[in-house]
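# Residue-level structural notes
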Amino acid sequence: DDQSILEDLVQAQIQTRRFADAEFNIARLLKMKDNAGRRDLMALRARCLTMLDRPLEARDALIELTSGDEGQRDVQAWIELGNVCFSIKDMNRSRQAWQRIVAIAPNRHEGWMLKALYQRRTGDLEGALKTVDRAIERRGTSVDPLVLEGLILSDLGRCEDARASFAAALEEQPDDPAARSGLANVIDDTTDDGR
């Protein structure tokens, strides 16, 4: 019942990937009178729900987290909401999330990534390619925008350019599984075309 011990336990459970136990204990913490509405706990709970493959509950928790004045400015919560909504094909909320992220944090790559993913899914490949360029300009150390660029270029049938994007990502992060998979698929596709 000691709150500080319970919070330490939650952190340890998250670090050891025991998300079900962590989510249970976070729910207990949020029921305590002093913790009602604690944004840090709500964010941890949403993360646990995502990791437990309970995206609808995660979405609901993130919608609550992005509500109100403080929630409207919480870039990380909007990013997580956008990712969850995109994964469950909630395109309206996905669009709302990337629009909000781009508005409050235009220099971060995540909003541009979500917009490019949205455009790709809705069939606007040329628009997605232009948007992912904005993500690449702002990406910092993340190779995710390079990988997405490779996927879009592959969708457009520009295999050489796609291969270059995946190779650039692998040059920076040799163990990136998405870049490896993308490169292997482009190579396989060009091999299959030549048969």
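This report concerns the structure included in the present document. (Residues numbered from 1 in each chain as written. Predicted model: local features only at pLDDT ≥ 70, side-chain atom pairs only at ≥ 80, totals over all residues. Heavy atoms only, no water.)

All right, on to the overall build of the chain then. A tally of helices and strands in the chain yields twelve helices and zero strands. Seen in sequence order, the chain has helices and strands lined up from the N terminus as α-α-α-α-α-α-α-α-α-α-α-α. Projected onto its principal axes, the C-alpha coordinates of the chain cover approximately 65 × 35 × 25 Å. The 195 residues of the chain split such that 42% are buried. Long-range pairs, those at least 24 residues apart, make up 45% of the contacts in the chain with a sequence separation of at least 6. Carbon together with sulfur atoms contributes 47% to the accessible area of the chain, which is approximately 10,600 Å² in total. Averaging the positions of the 28 positive and the 35 negative side-chain charges in the chain gives two centres separated by 4 Å. (Helix = DSSP H or I, 4+ residues; strand = E, 2+ residues; numbered from the N terminus. Buried < 20%, exposed > 50% of the residue type's maximum accessible area, 1.4 Å probe, protein only. Contact = heavy atoms within 4.5 Å. Areas by Shrake-Rupley, 256 points an atom, 1.4 Å probe, with all protein chains shown as cover. Lys, Arg positive; Asp, Glu negative; His and termini not counted. Charge placed at Lys NZ, Arg CZ, Asp CG, Glu CD.)

Among the structural elements, Cys85 can be located in helix H6 (residues 75-87). Remark: the alpha-carbon pair of Cys85 and Leu6, spanning 79 residues in sequence, is separated by 30 Å.

The next point concerns the packing of aromatic side chains. Scanning all chains against the criterion turns up one aromatic pair. One cation-aromatic arrangement involves Arg121 over Phe86; the distance from NZ or CZ to the ring centre is 3.7 Å. (Phe/Tyr/Trp six-rings, centres within 6.5 Å; stacked < 30°, edge-to-face > 60°. Lys NZ or Arg CZ within 6 Å of the ring centre and 35° of its normal.)

A few words now on the nonpolar core. A general feature of soluble globular proteins is that nonpolar side chains tend to end up buried together. Grouped together as the largest cluster of nonpolar side chains are 45 residues, with contacts concentrated most on Leu62, Val132, Leu148, Ile152, Phe166 and Ala169. Here this core takes eight residues from H6, the largest share from any one element. In contact with Leu62, not counting residues within four places along its chain, are Ala46, Ala77, Glu80, Leu81 and Val84. (Core = buried A, V, L, I, M, F, W, Y, C linked by side-chain atoms within 4.5 Å.)

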